[in-house]
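# Report on the structure
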Amino acid sequence: MKLRLGMIGGGQGAFIGAVHRIAARIDGEYELVCGAFSSDPLKGKASGVALGLDESRIYGSYKELIEKEKQLPEDQRVQVISIVTPNHVHFEPSKMALENGFHVVLDKPMTFSLDEAKQLKTVVESTGKLFCLTHTYTGYPMVKEAKQLIKSGKLGKIRKVYVSYPQGWLSEFLEGADNKQASWRTDPGKSGIAGAMGDIGTHAFNLAEYVTGLSVSHMCADINVVVPGRKLDDDGAVLLKFDGGASGVLIATQIAAGEENNVRISVSGEKGSLEWQQVDCNSLIVRWPDKPAEIYRTGGGYTSSYAQHNTRTPAGHPEGYLEAFANLYRNFALTVKAGLEGTEAQPEWLDYPGVEEGVRGMAFTENVIASGKSDQKWTPFTI
């Protein structure tokens with residue numbers, strides 16, 4: 001049984017919509033049946049036609065999609081709605097979809113503001129519908145293996161966390177050159193109060209908390225606008241304190257000329273350390289004080305059930321970004337299906353980011369900008 005999938009946003013010329021559609025197709029768990037692909041109805045119509053959809057289910061707005069799909073018989077209407085719009089059009093479509101009985105997959109960050117995030121959490125809890133937030137990097141098998149190694153206690157008590165996300169694509173003033181992605185991501189009216197920290201800093205923050213299982217409690221941020229004329233931050237570094245005593249450093253920058261997307265995390269414990277980076281995403285390096293370093297590889301029979309569940313190809317065959325993205329969609333689909341069938345979802349299926357991570361991500365955004373403006377060295381992480 002394939003779940004019937006609808007999409008809001010992600011039409012022609014959009015970046016992330018195509019990635020979501022590929023990810024949803026990889027495992028054959030979904031069938032795209034409807035969409036409202038653009039705020040421009042004509043562009044949205046053309047996008048749906050190009051995707052081969054029935055023209056009667058290509059809608060001019062997200063409101064029309066939700067209202068008309070709800071009127072269809074239960075065995076025909078959409079079941080899961082994927083929302084891939086800019087940040088300022090996350091909350092209302094998600095809220096409306098959930099309140100009308102649809103499960104939701106939402107691109108990160110969860111909302112435009114922390115207040116909206118907390119409201120959306122209430123909606124998720126009150127409706128009982130399932131919600132997935134696409135923090136892609138948690139889908140990599142070796143990231144899951146890192147989490148399980150730390151959870152097992154093999155590294156001992158965690159002492160230090162380094163996480164970085166360097167990009168270079170905004171090292172020039174692209175928003176002044178009619179670049180669609182740059183224009184909305186650097187616009188406070190569409191992106192929110194943060195630029196780089198909201199766009200990629202939230203990924204780094206989520207990765208640090210996911211892998212370690214620890215929660216940030218305090219921070220000290222240095223937030224910068226490097227490119228002249230830019231309205232939002234494009235660079236920053238944050239000192240972190242975690243519950244339990246660990247400390248850390250988070251770096252997120254979009255002005256590191258020549259850098260692409262090499263997300264990297266390093267975690268040190270009392271007994272050992274580990275390191276993962278996206279440029280070599282199939283390897284997890286584990287270092288010990290009294291023996292040679294070990295390299296865990298995707299597909300290895302020695303890995304945890306969580307890593308194995310999220311691995312598709314035989315060992316030695318690389319898996320990457322699209323597969324990691326697809327793992328979120330598949331795990332969410334398996335969880336939705338378990339609910340429809342009245343069975344219990346397996347722990348490995350439930351391992352996808354949800355509304356709690358979304359609230360903490362928005363709290364990070366607001367706390368890190370406030371810390372950057374504060375004269376106080378350490379500011380508490382508040383929600």
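Everything below is about the structure printed above this text.
Fair warning: this is a prediction, and the values are worked out from it, not measured in the lab.

## Topic: the overall build of the chain
Across its full length, the chain carries 12 helices and 14 strands. The principal-axis extent of the C-alpha atoms belonging to the chain is close to 65 × 50 × 40 Å. For the chain, the proportion of its 383 residues judged to be buried stands at 56%. Summing over all exposed atoms, the chain offers an accessible surface of approximately 16,000 Å²; the carbon and sulfur share of this is 51%. With 40 positive and 46 negative side-chain charges, the chain shows a spacing of 2 Å between the two charge centroids.

## A short note on the sheet that holds strand β3 (residues 80–83)
Reading across the sheet, the five strands line up as β2-β1-β3-β4-β5 and stay open at both edges, with parallel pairing between neighbours. On the outer flanks of this sheet lie β2 (30–36) and β5 (131–134), each paired with one strand and no other. Neighbouring strand axes in the sheet, compared pairwise and without regard to direction, differ in orientation by 20° on average. Summarising the sheet, β3 and strand β4 (residues 103–107) pair through four bridges and their orientation is parallel. Counterpart to Ile 83 in the pairing with β4 is Leu 106.

## As for empty space enclosed by the protein
Under the definition given, this model contains two cavities of 30 Å³ or more. Estimated volume of the largest cavity: approximately 50 Å³. In terms of residue class, the lining of the largest cavity is made up of five nonpolar, six polar and no charged. Reported here for the second largest cavity is a volume of approximately 40 Å³. Lining the second largest cavity, in full, are Asn 87, Pro 109, Trp 184, Arg 185, Ser 191, Gly 198 and Asp 199. Elements with a contribution of two residues or more to the lining of the second largest cavity: α7 (180–185) and α9 (196–212).

## Remarks on helix α2 (residues 41–50)
Within α2, the full set of buried residues consists of Gly 44, Ser 47 and Gly 48. The buried residues of α2 occupy an angular sector of 95° when the element is viewed end-on, so they sit on one face. In α2, the exposed positions that point more than 90 degrees away from the buried face belong to Leu 42 and Ala 50. At the N-terminal end of α2, a side-chain oxygen is found 3.1 Å from the backbone nitrogen of Leu 42, two or three residues along, and the residue is Asp 40.

## What to know about the state of the cysteines
Under the defined criterion, the tally for this structure stands at zero disulfides. A disulfide-free cysteine, Cys 281 has its sulfur positioned 19 Å from the sulfur of Cys 132, the nearest such atom.

## Brief notes about a nonpolar patch on the surface
On the surface, Ile 22, Ile 26 and Leu 322 cluster together to form a nonpolar patch covering roughly 190 Å² of accessible area. Mapped onto the fold, Ile 26 is located in helix α1 (residues 16–26). A relative accessible area of 35% means that Ile 26 is categorised as partly exposed.

## Describing the pattern of salt bridges
One pass over the full model with this rule turns up 17 salt bridges. Between Arg 312 and Asp 27 there is a salt bridge; the shortest N-O distance is 2.6 Å. With Arg 312 in the loop between α10 (305–309) and α11 (321–341) and Asp 27 in the loop between α1 and β2, this pair connects stretches of sequence that are 285 residues apart. Taking the relative accessible area as the measure of exposure, Asp 27 reaches 26% and is therefore partly exposed. Between Lys 121 and Glu 356 there is a salt bridge, with the nearest N and O atoms lying 3.1 Å from each other. Taken together, the residues span a long stretch of sequence, with Lys 121 in helix α5 (residues 114–127) and Glu 356 in helix α12 (residues 355–373) at a distance of 235 residues. If you follow the salt bridges from partner to partner, you end up with Lys 108, Arg 185 and Asp 199 in one network.

## Re the sheet that holds strand β13 (residues 294–297)
Here we have nine strands laid out as an open sheet, ordered β13-β12-β11-β10-β6-β9-β8-β7-β14, and mixed in their pairing. The open sheet has two edge strands, β13 and β14 (379–380), and neither has a second partner.

## Comments concerning the pairing of strand β9 (residues 247–253)
In terms of burial, β9 is a largely internal element, five of the seven residues being buried. For strand β6 (residues 158–166) and β9, the ladder comprises seven bridges, and the chain directions are parallel. Looking at β9, one finds that Tyr 165 is bridged to Ala 252. One ladder, built from seven bridges, connects strand β8 (residues 235–242) with β9; its direction is antiparallel.

## Remarks on the packing of aromatic side chains
Geometry of an aromatic ring pair is reported as the spacing of the ring centres plus the angle between the planes. All chains considered together, the criterion is met by 10 aromatic pairs. Taking 4.7 Å as the distance between ring centres and 20° as the angle between the ring planes, the aromatic pair formed by Phe 205 and Phe 364 counts as stacked. A residue pair is termed long-range when its members are at least 10 positions apart, and Phe 205 in helix α9 and Phe 364 in helix α12 qualify at 159 residues. As far as burial versus exposure is concerned, Phe 205 and Phe 364 are alike and both buried. With centroids separated by 5.8 Å and ring planes inclined at 75°, the aromatic side chains of Tyr 321 and Phe 325 adopt a geometry described as edge-to-face. Linking Tyr 321 with Phe 325, this pair stays in helix α11, spanning four residues, or about one helical turn.

How each quantity is defined
- Residues numbered from 1 in each chain as written.
- Predicted model: local features only at pLDDT ≥ 70, side-chain atom pairs only at ≥ 80, totals over all residues.
- Heavy atoms only, no water.
- Helix = DSSP H or I, 4+ residues; strand = E, 2+ residues; numbered from the N terminus.
- Buried < 20%, exposed > 50% of the residue type's maximum accessible area, 1.4 Å probe, protein only.
- Areas by Shrake-Rupley, 256 points an atom, 1.4 Å probe, with all protein chains shown as cover.
- Lys, Arg positive; Asp, Glu negative; His and termini not counted.
- Charge placed at Lys NZ, Arg CZ, Asp CG, Glu CD.
- Pairing = 2+ DSSP bridges.
- Axes fitted to C-alpha atoms, helices over the stretch in contact; angles between N-to-C directions.
- 1 Å grid on protein atoms, 1.4 Å probe; cavity = no way out; pocket = protein on both sides within 12 Å on 5 of 7 lines; lining within 4 Å.
- Points joined across faces, edges and corners; volume = space filled by probe spheres on them.
- Nonpolar A, V, L, I, M, F, W, Y, C, P; charged D, E, K, R; others polar.
- Arc of directions from axis to C-beta.
- Polar contact = N/O pair within 3.5 Å; in protein donor to acceptor, adjacent residues only side chain to side chain.
- Disulfide = S-S within 2.5 Å.
- Patch = residues over 30% accessible without salt bridge, like charges linked within 9 Å, V, L, I, M, F, W, Y side chains within 5 Å.
- Salt bridge = Lys/Arg side-chain N within 4 Å of Asp/Glu carboxyl O.
- Phe/Tyr/Trp six-rings, centres within 6.5 Å; stacked < 30°, edge-to-face > 60°.

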